[in-house]
Every structure is written in C-alpha cells, then in structure tokens.
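These are the residues of each chain, in order.
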Amino acid sequence: MFKKSNFKYFVYALSAFIFLNIASCKNQVVLQDPQKLTISEGFKNPLGFYDSTPAFSWQLPVSEGILSQSAYQILAASSPELLPDNADLWDSKKQISDQSVWVKYEGKPLESRQNVYWQVKYWNQDNEASSWSEVNHFELGLLNNSDWKAKWIGLDTKKEKVLGSQNNIIHRPQYLRKGFELSGEIASARLYITAKGVFDVSINGQDVSDDVMPPGYTPYKERIETITYDVSDVIESGQNTIGVEVAAGWHSGRLGWKKSLWSNTETPKVLCQLELIMKDGSKEMILSDDSWKGTTNGPIRVSEIYDGETYDANLEMEGWATNNFSDKDWVSVNTFPVESNIRLEPKRHTTVKNKMELATKELIKKDTTLIFDLKQNMVGVPLLKVPMKKGKTLKVRFAEMLSPDGTFYTDNYRSAQSTNYYTASEDGIIEWSPKFTFHGFRYVELSGFDDSKEPSKDWVTGIVQYSDFDANGTFTSSHEKLNQLQSNIVWGLRGNFFDIPTDCPQRDERMGWTGDAQVFGPTSMFNADVYKFWASWMQSVRESQYDNGGIPFVVPDVLYNNQVSSGWGDVCTIIPWKIYYRTGDKKILEENFEMMKGWVAHHEATATDYISSMNSFADWLQPLPDNGDTKGDTSHSLIGTAFFAHSAHLTAKTAKVLGKTEDFEKYDELYKKVANAFEKQFFDNGKVKNVAETQTSYLLALAFGLMSDEHKANAKTHLLEKIADADNHLRTGFLGTPLLSEVLDETGEIDLMYKLLFNETYPSWFYSINQGATTIWERWNSYSKAEGFNPMKMNSLNHYAYGAIGEWMYERIAGIAPLEPGYKTIRIAPVPKEPLTSVAASLNTPYGKVASSWETKGNEFHLQVVVPPNTTAKVVLPGTPESIEETNSIELITNEAGNDEFLVQPGTYSFTSKLP
Ligand code: BGC
C-alpha cells in the first residue's frame, strides 16, 4: 500500500518489479492464451452463421505482466487437425498491431455450409508470445436462395374461414410430416428450416431445439431468416420421421391496430431441407415438397400472438412425428416455389429462448378463480401443472396488475384477448405451456381446474422469454429505490427484446416502434450483450426504408404508406452511432451509412429553408401538457428541425469515421445550416420564441449542439427556470427524457440531475416505484395508489422508454465511460452525491470487464477500479487524494483542485480521497 499525504506532485510507476521479473526469464515465458474468442457481433462458435466475411475478436487474459497487445496472429483452417501448422484458409501472419477486436477475415472466400476452425495468439507489450488459443469454429448456413432445393409447403388454412377477434381470419396451426428411409449410416446431418409463420420441429419424436417462435420477425416481403440445426444425433439409419408444427405468428397473424392487416394475405408455410452426409461420403437431401402430408386437426386449435392459444388434449396425436403413426387421414400439402425476390438468409442474431423461471409468490382465491402473483411483471408464458377433470376447459388469463378491488386489470391489453384455453382429455395433472404466443403479465388467473384439489402455488410458474443474450453489466447502489429502478430497467429490457425491440409486450401492438428503440437502445447496450440484436434489427430498418428515404415508425413495417415521424425515423442514425460508440466496430456504420443519407435527404425534402414540417409523435406522453395533447407541448417543427440537424450531424460523424471526406464536409455543413436556421427560427438570445417554451425545446437545443456559443448560457438559464417552474420536476416525454441527464451533466448541473432522479413525486422515476412498479411504465402515472389506473387504455405497464436514464447511471453515477469509441481508452469519473453512499458497477467492454465501485464514509471516499488488458483508463478522483493501492503503473496527469486525474494501466486499483 502506497501512502502519501502530499500526493499531488507525484508521478510514479510501481509495477517495475513485475517487469523486471518477467524480463529476467524472457525466453521461457509463454503467456496465457487469449480468452473469449468471438466472431462478428459477438458470436461464439455459431452454427448456420450468416457472415462469410466475419471479424474476429478476443480478449487478453487478466494476468500479471499482460498489459497490452503488440501483435497478433490468426489462423483459419477447414479442419481442426490442420491447426496450427497447416492453416489452409488463412494465416494472418504476425501483425504488429494492438487491435484485438473486430479484425476482418482476409482468407479464402467462404461458401454456404463451410466449416471454419480458427485460433489466435498475441504478443504482449514486451513482445512475448502467448500460446495459441483453443480452437474455435463456425459453420456457415445457406447463404443464397439458390442453395434451397426445397419448396414452401402448407395447407390452405383460409378455406376453413375460422374468424377470430375483430373478424380476422385465423389460420389454424398445421401439423406437417414426412417419413423417409436412409440406407447407410449417418456421419452428420444439418436441418435448414424456416417458416412464413412460426414453427417447432421434431425428428423421430425428439425436439430439435428449444427455440421459441423461430425464425422470428423480419420484413417478410424482403427477407426471411433461416435456422440451422445440427440433427446428427437424432437421425437414424433406416426409417425416420420429421414433423413440423407451424402457426401464423407475426407473419399471418393479427398484427397492427387494424383488423386483418396480414391474416388475409398469405397462409403460413414451412421450408426445410435436411442435408445428410453418410459415413461412406455420399450425400442425401430430404426436402419439403409435395410428398409431405398435413393436418389442422391437431391439439393446438388456434394460436395468435395478441389473443393467445387454445389447446384440446382430446386431439393429441400420439407419436405423430415418429415412424409409428399412420397419416392416412392427413392430406397432401400444397407446394410453392422459393421466390427470388424474398431473400432467405441465416438468422443474424440469437433466437428467443426460455431464459428464466419465476415461481408464484402468492396465491389469491377470488370467487371461483385462483390468481397467481409472481410479484414481477414479465414476458413469456406460464408453465401450468394443474389438476383437471376430463373434458373440462382450463381458462388462463393474464394481467399486469390487479385493480384496487382485486379484479383483473386488462383494459390496457385493449383488443388483445391474451387468454389461453386447455381442454383436458383425462382426469389428472396436466403439464402445459402455450407454444406460439406470449404474454406480458405479473398475475395469472385460472378457472376451470379440478376444484376438489387443494390449490398450490406450484400450479403456475412464469417462463421468462426473450432473445438469447447475456447480461453485459451490473449496477447496484446503497439506495433501495435506485436499485429498484435498475431492476425495472432490466425487466423492461427482458420484456421488450422479443426478437425485435418492441414498444410493449402485452397489448395489441408489440411492434418495433422506432422512437422507443432510439430512446432506450443506448441503455440496453450497458445491461445486455445486444450488439447482434440491434445490428440485425437495423438490417430490417434498412429493408423497410421507403423509396423516398423515409423510415417507417414501426419496423418491420405494418402500414406501407410512407408515413414517418421525426424523432422516430432518426433511429437509423442514432442506433448505429451509439453501437459504434460502445463497440468501436465500424461495420455498423458501413452497413447503415446509405440509409442515414437517405433519411437525412428525406428530412431535407420535408423542410423549407431547413425548418422541418415533418409529421411527429413529438415529445410523446409528456406529463402535464398545457395543451392536453398526448404529443406534448413542444413544437413539432422545432422537434423535427432539431432531429434533422442531429441526424445530419451523426451522418457527418459517420462519414468522417469511414474516411469519406466529401460526405463529411457535405453533412457537416448541412448540420451547421440546420442548426443555424433552428436557432433563428425558434430562439432569441437563448430563449424560445414563437412556440411553446418547454424543457424539451431547451434540451434538444443544448444536447444536439444547436445553439451558438454566445447563447448557450442563456438557453441553460431558461431551461433551469422551466425546471424550477415545475417545482424542480421533469416535464419531458419520450424524446426529452433521455436528454435531461446529458444536458444537466454537461452544463454543470449535476446536483439538479440528482434531484430529479431522486424525486419521489409525480412526475419522476421513483413515483412509479412508489406505486408498486416492477417494470418501467409507459406513462409517468400509469397507476397511482390514490387515483388508480390512468383512464387511458393506452397504458402499458412494461414500456422501456423512460428506462433511458440507465445510460447515465452507468456513465456518471458509477462513472464508466469510453474516451474513444469501443473503450480502448476509458474514463472513470464517478460523481458521489447524496443520498447515495455507495455504488458498484461493471461493464463487459470489447476488451473485458471494467469495474468502478465507490463508497463514502463521512467525507472519506473510496474507489475501486478494474481496468481490462489492452486498454488504459483515466481515473478522475474527486476530493483530495489520500492513498492508492495499485497492481500496475499509474501516473498523475492533471491535478485540478479536487479532481485529480490519473492515467492507469490494466489492473485493479483502490483510491482513497477526502471529499470537501
Ligand atoms: C406506442 C409507442 C409509440 C407511440 C407513437 C404507441 O402506441 O406504444 O410507444 O412510440 O405509439 O406514438
């Protein structure tokens, strides 16, 4: 432990002994191998991969003597035995470079189905080599439509004319099967499969995967994702049977607000191609074609995303996907060719899975029903283990909250029925979950069960479903409500990352609202490993862009009518830029640059002299609007112009990163012109003119850099006045809220931001927590103990937008921020303030885990910092430094009174200082 009271003038590097030790045995050192190998947007050994020009990433181990990388070498081969000596696909050779992330593959061209095995080694700062990493691999899926020899198959499910809620046609789920015989022994088998709809596949009665509602939701007119399964272990020599269930899902179900938007257009279908390599080297293919048979007389009678699923156990077809089943009553399927204009591409992010289980915490008897309370609003399905009497139907309803009188509050589901039915075929305990629907709920209500049995909490378990990604960060503090807020943010993420980013998971929407996505996206990147999720959805955004450059306000689009909204379509500049900022990977910018330009051109076309007249949902759901409008008080033209400038600015910055100088100049000039016009039109000496003066108008002006330098201070003063007028409360909706912390922090008003964050009264984050929220709500006052539910039916209790504050909690309260895109250099600058006495956060950066945890005891401040290898960090220590414990070198670089800044190398550090 190094103690120094008069610390300020010291510059020191205390790791010398480590270096000396290493230096003395230089030639024998073999450093520990690289860790956490991934490809492209963070995939680990993927099967059916989409990217034939992947990028490689690895992390240096956290270990003494490993500070940074000075060189690397990557090998890629077509079989593991060829490594490391005979890499036949690529040998990068030793590259003098500190780049350990997003290194592009530059080997032989790769094709559909190709297997690639790869490994990497690095040299550290002293040019000592590591051992080779373990061998990782990936296998490409079918990359081209021409790889598909199979045909789309399905039954005519329109014929029956089953009508559902709002009179839309319901397509009964189909059961499709085919038996086939294989003469030889199988070496390996791959099943390539997808659906226009959602599917579940089994072979010889065995489930092939635990994916939920694959292939997921893309702009189906443009692209349908395909999935690859390794089925080598379930295929047998001799007779086999493959069975596929397919339901409408997003494709042919009731989606959007209008009745029958999709369901009348196309029936659900399946496309699958089983490719077998036999032990003798020969190949066989089993295709979806006219030899398949199907029925709609199976147990799942109907299944609809909004409305729920109905299951009749009397119609179960024992063994229907095994060899021992007669399908003589089944009918032949119809076949349809693979279209050339709908791209079939391997899924480029992970499928939805069953991720967690929540046990029932409380059981409430209400009349003849039972209500199971999970005490957490969640998204997924229930697992039901319920005693039933033969022939009786169990009714399963859901609610996010109970009304004060204990009854189910379902008004906010609007037209979504969100109800399951299960008819029992015999007495006894059933075990069942719906398959092709999902619900947003905290409470499950059962009726129709065997009431002679004593009810038990374990009749209902909540299965939490979301896209299969891991957590990426942690944040905890000494403040219970702040922790609850963090938990609500994370549950908002879990609930609304169901293959696409949704506005809400429970009512008759569940769509990819672009505004909500741009507002919450940045926070999601701290809490979960969602790069691939966003990169994939951004592809859908590109595919949904209108010919005139407009971006629909939901993606995938459900309207196809050229309608846009400012602040919503701008997702196409904001999310790519934020992902680049968090990952340092330029690919996300390259992929989206043309779309950004198109959108900026669309802004330009809807503006006159740079002043926007674009349609806008504006500062959606701003609290206490003077005009009583759900779109808030802030001028739509002001908002549109601000986002026009902001998108032009982000496009300019993107052009710069991509080395496109002319584009940079063009968009930078455009940004400045729009900013100038914005200020002239809407501000006078830093004060809003001509339109309503709102917190959000000042926030947009300051956050997006639209004020000339001489007027910034005034604009800030007026913003503070507006906040003071609101009794130091926020008055911001979807667009203004994420900007509050950024602007107040950057203008030195961090105390005020703490005040707003810790406010308990309406409108504030803690207000909903005080009313019992376990997720983020759509409205600041979706419910209150005093007044009950907000009377509006548009009242989701799981809407992630206001969770956007999470980004600031990580970056400033915990103090972990990148100093350059991708965290190659990091800034650790926490801001300890009352009422907090401690905070601990960690974040998995592309280089490894960075952590910052602090604690105050009186005016003593302790800070623990972990800096990952191959990065450096600047630590800004509040107060007067007292002592430091370090594992590696540290250097004082500036010493402003009360804010000393240290440059630290990878390692773990403890700082102590005295706060004023
Ligand atoms: C959605 C949103 C969306 C908004 C746009 C709502 O119905 O749930 O969150 O952004 O409409 O106005």
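Position numbers for residues count from 1 along each chain, tracking the sequence in the order it is written. Whole-chain, interface and lining totals are the exception, using all residues; otherwise, since this is a predicted model, local features are given only for residues with pLDDT of at least 70 and side-chain atom pairs are given and counted only at 80 or more. Side-chain calculation: all heavy atoms of the structure are included, whereas hydrogens and water are not.

Engineer: Provide a residue-level description of the overall build of the protein, including the pertinent values.
Structural biologist: In terms of helices and strands, the protein carries 14 helices and 56 strands. Atoms considered for the radius of gyration are the C-alpha atoms alone. The globule rule reads 2.2 Å times the number of residues to the power 0.38. In terms of overall dimensions, the protein is globule-like: its C-alpha atoms have a radius of gyration of 29 Å, near the 29 Å expected for 916 residues. Along the longest, intermediate and shortest principal axes, the C-alpha atoms of the protein span 90 × 75 × 60 Å. Any two residues having at least one pair of non-hydrogen atoms within 4.5 Å are treated as being in contact. Considering only intrachain contacts with a sequence separation of at least 6, the fraction spanning at least 24 residues in the protein is 73%. Roughly 33800 Å² of accessible area belongs to the protein as shown, and the carbon and sulfur atoms make up 46% of that amount. Asp and Glu count as negative and Lys and Arg as positive, but His and the ends of the chain are not part of the count. Where a charge lies is defined by one atom per residue type: Lys uses NZ, Arg uses CZ, Asp uses CG and Glu uses CD. Taking the 90 positively charged and 118 negatively charged side chains of the protein as two groups, their mean positions are separated by 2 Å. In this description a helix means any DSSP run of H or I spanning at least four residues, a strand means any run of E spanning at least two, and both kinds are numbered starting from the N terminus. Only the protein chains shown count as cover for residues, with accessible areas throughout obtained via the Shrake-Rupley method and a probe of 1.4 Å.

Engineer: Give a description of the packing of helix α4 (residues 531-544) against helix α5 (residues 571-583) that names residues and reports values.
Structural biologist: Between N-to-C directions, angles cover 0 to 180 degrees, with each direction set by a line fitted to C-alpha atoms, over the stretch in contact for helices. Direction vectors running N to C along α4 and α5 enclose 155 degrees, while the axes themselves pass 11 Å from each other. In terms of their interaxial angle, α4 and α5 are classed as roughly antiparallel. Viewed along their axes, α4 and α5 form a crossing whose handedness is left-handed. Here α4 contributes Y531, W534, A535, W537, M538 and V541 to the contact with α5, which in turn contributes V571, C572, I575, P576, I579 and T583. Each residue gets one of three labels, nonpolar for Ala, Val, Leu, Ile, Met, Phe, Trp, Tyr, Cys and Pro, charged for Asp, Glu, Lys and Arg, and polar for the others, Gly among them. Its residues assigned to classes, the contact of α4 with α5 shows eleven nonpolar, one polar and no charged. For classification, angles of less than 35 degrees are called roughly parallel, those exceeding 145 degrees roughly antiparallel, those between 65 and 115 degrees roughly perpendicular, and all remaining angles oblique. Helix crossings get a hand from a simple test, with the near helix turned counterclockwise from the far one by less than a right angle marking a left-handed crossing and a clockwise turn marking a right-handed one.

Engineer: Describe empty space enclosed by the protein, naming the residues involved and giving the relevant values.
Structural biologist: Here the idea is plain: a probe the size of a water molecule rolls over the atoms and shows the empty space left. Only protein atoms enter the calculation, which uses a 1 Å grid: trapped sets of points that fit a 1.4 Å probe without letting it out are cavities, open sets showing protein on both sides within 12 Å along at least five of seven lines are pockets, and any residue with an atom within 4 Å of a point is a lining residue. Grid points are joined across faces, edges and corners, and a volume is the space filled by probe spheres set on the points. Across all of its chains, the model carries five cavities of 30 Å³ or more by this definition. Each pocket or cavity is described by its volume, and for the largest cavity that value is around 80 Å³. Taken together, L485, N488, S764, W765, S768, I769, I776, W777, R779, W780 and Y802 make up the lining of the largest cavity. Every element with two or more residues in the lining of the largest cavity is listed here: α2 (480-496) and α13 (765-770). The element contributing the most residues to the lining of the largest cavity is α13, with three residues. In terms of residue class, the lining of the largest cavity is made up of seven nonpolar, three polar and one charged. Counted as a void, the second largest cavity has a volume near 70 Å³. Along its surface, the second largest cavity is lined by N377, E400, M401, R442, G772, A773, T774, T775, W777 and L797.

Engineer: Go over the sheet that holds strand β4 (residues 55-59), please, and point to the residues and values.
Structural biologist: Paired strands, as defined in this entry, are two strands with at least two bridges between them according to DSSP. Taken in spatial order, the three strands of this open sheet run β2-β4-β8, and their pairing is antiparallel. What marks the edges here is a single partner per strand, and that holds for β2 (35-39) and β8 (103-104). Pairing of β4 with β8, which is carried by two bridges, proceeds in the antiparallel orientation. By the bridge assignment for β8, A55 is matched with K104.

Engineer: Report on the sheet that holds strand β54 (residues 890-896), specifying residues and quantitative values.
Structural biologist: The five strands lie next to each other as β47-β48-β52-β55-β54, forming an open sheet whose pairing is mixed. Looking at the sheet topology across the chains shown, the edges are occupied by β47 (816-818) and β54. When strand polarity is set aside, the average angle formed by the axes of neighbouring strands in this sheet is 20 degrees. Sheet topology places β47 next to strand β48 (residues 825-828); three bridges connect them, and they run antiparallel.

Engineer: Help me get a handle on the domain arrangement of the protein, residues and values and all.
Structural biologist: An automatic or database domain assignment provides the domain bounds reported here. Looking at the protein, the domain boundaries give domain 1 (31-140), domain 2 (145-346), domain 3 (352-467), domain 4 (473-814) and domain 5 (816-914). The distance between the C-alpha centroids of domain 2 and domain 4 comes to 40 Å. Taken together, the contact between domain 2 and domain 4 spans 22 residues of the former and 20 residues of the latter. Accessible surface is computed with a 1.4 Å probe, and the buried area is the amount of it that two parts give up when combined, taken over both parts together. Buried area between domain 2 and domain 4, both sides added, is near 1800 Å², and the carbon and sulfur share of it is 59%. Here, a salt bridge means any side-chain nitrogen of Lys or Arg that lies within 4 Å of a carboxyl oxygen of Asp or Glu. Put simply, domain 2 and domain 4 have two salt bridges between them. With its nearest N and O atoms 2.7 Å apart, the salt bridge here joins R223 to E543. By the criterion applied in these results, polar contacts are pairs of N or O atoms within 3.5 Å in which, for protein atoms, one can donate a hydrogen and the other can accept it, and in which residues neighboring in sequence qualify only through two side-chain atoms. Counting every contact that joins domain 2 to domain 4 gives eight residue pairs in polar contact (both at pLDDT 80 or more).

Engineer: Now, about the environment of A313: what can you tell me, with residues and values included?
Structural biologist: Mapped onto the secondary structure, A313 falls in the loop between β24 (308-312) and β25 (331-332). Separated by 117 residues in sequence, A313 and I430 place their C-alpha atoms 9.5 Å apart. Setting aside residues up to four positions removed in sequence, A313 forms contacts with Y422, T423, A424 and S425.

Engineer: Explain the site of the ligand to me, and be specific about the residues and the numbers.
Structural biologist: Being near a molecule or strand, for a residue, comes down to having at least one heavy atom within 4 Å of it. The environment of the ligand is formed by D503, R507, E509, W513, D516, W568, F617, W620, F734, E778, M794 and H799. A distance of 2.6 Å separates an oxygen atom of the ligand from a polar side-chain atom of R507. When the ligand sits alone it has 310 Å² of accessible area, and the protein chains cover 96% of it. Of the residues that constitute the shell around the ligand, the class distribution is six nonpolar, one polar and five charged.

Engineer: Which residues make up the packing of aromatic side chains, and what are the values?
Structural biologist: Centre distance within 6.5 Å is the pairing criterion for rings of Phe, Tyr and Trp, where only the six-membered ring of Trp is used; planes under 30 degrees apart are then read as stacked, over 60 as edge-to-face, and the remainder as tilted. Here the structure, examined in full by the defined rule, presents 56 aromatic pairs. Geometrically, the ring pair formed by W90 and Y105 is edge-to-face, given 5.5 Å between the ring centres and 70 degrees between the ring planes. Taken together, the residues span a long stretch of sequence, with W90 in strand β6 (residues 90-91) and Y105 in the loop between β8 and β9 (115-124) at a distance of 15 residues. Considered together, W90 and Y105 belong to a single accessibility category, that of buried residues. Put simply, the rings of Y466, F469, F497, F520, F533, W534, W537 and Y800 pair up and form one aromatic cluster. We count a charge as sitting over a ring when the NZ of a lysine or the CZ of an arginine lies within 6 Å of the ring centre and within 35 degrees of the ring normal. The residue whose ring lies beneath K269 is F336, and the NZ or CZ to ring-centre distance is 4.5 Å. Each residue gets one of three labels from its accessible area relative to the maximum for its type: buried under 20%, exposed over 50%, partly exposed in between, using a 1.4 Å probe on protein chains only.

Engineer: How would you sum up helix α6 (residues 587-605)? Please name residues and give values.
Structural biologist: Expected helix span is computed as 1.5 Å times (number of residues minus one). Compared with an ideal rise of 1.5 Å per residue, which puts 19 residues at 27 Å, α6 spans 28 Å between its outermost C-alpha atoms and is within 8% of the ideal. Take the seven residues that end at a residue and the seven that start at it, fit an axis to each, and the angle between those axes is the bend at that residue. Taken as a whole, α6 carries its principal kink of about 45 degrees at F593.

Engineer: Before we move on, could you go through the pattern of salt bridges and cite the residues and values that matter?
Structural biologist: Pairs can form between side chains of opposite charge whenever their charged atoms are close. Inspection of the entire model under this criterion finds 55 salt bridges. Residue K196 is joined to E266 by a salt bridge in which the shortest nitrogen-to-oxygen separation is 3.0 Å. Taken as a pair, K196 in strand β15 (residues 186-196) and E266 in the loop between β19 (238-247) and β20 (269-278) lie far apart in primary sequence, 70 residues in all. You can call K196 buried: its relative accessible area is 1%. Three or more residues joined by partner-sharing salt bridges are found here, namely R223, E225, R343, E345, K347, D499 and E543.

Engineer: Got a sec to walk through the pairing of strand β49 (residues 838-845)? Specific residues and values, please.
Structural biologist: Bridging between strand β38 (residues 473-477) and β49 involves five bridges; their strand directions are antiparallel. Residue pairing for β49: T476 is matched across the bridge by A840. In the sheet, β49 pairs with strand β50 (residues 848-857) via eight bridges, with the strands oriented antiparallel. Within β50, the position partnered with N844 by the bridge is K849. Counted between consecutive antiparallel strands, the loop separating β49 from β50 contains two residues.

Engineer: Explain helix α8 (residues 661-682) to me, using residue names and the numbers behind them.
Structural biologist: For α8, spanning 22 residues, the distance from its first C-alpha to its last is 31 Å, which sits close to the expected 32 Å at 1.5 Å a residue. All of the buried residues in α8 are D663, Y667, D668, L670, Y671, V674, A675, A677, F678, E679 and F682.

Engineer: Which residues make up the confidence of the model for the protein, and what are the values?
Structural biologist: One number per residue, pLDDT, summarises how confident the predictor is, and it ranges from 0 to 100. When pLDDT is averaged along the protein, the result is 94; 96% of the residues meet or exceed 70. Confidence over residues 1-26 falls short of pLDDT 50; this stretch has 46 contacts with residues more than four positions distant or in other chains.

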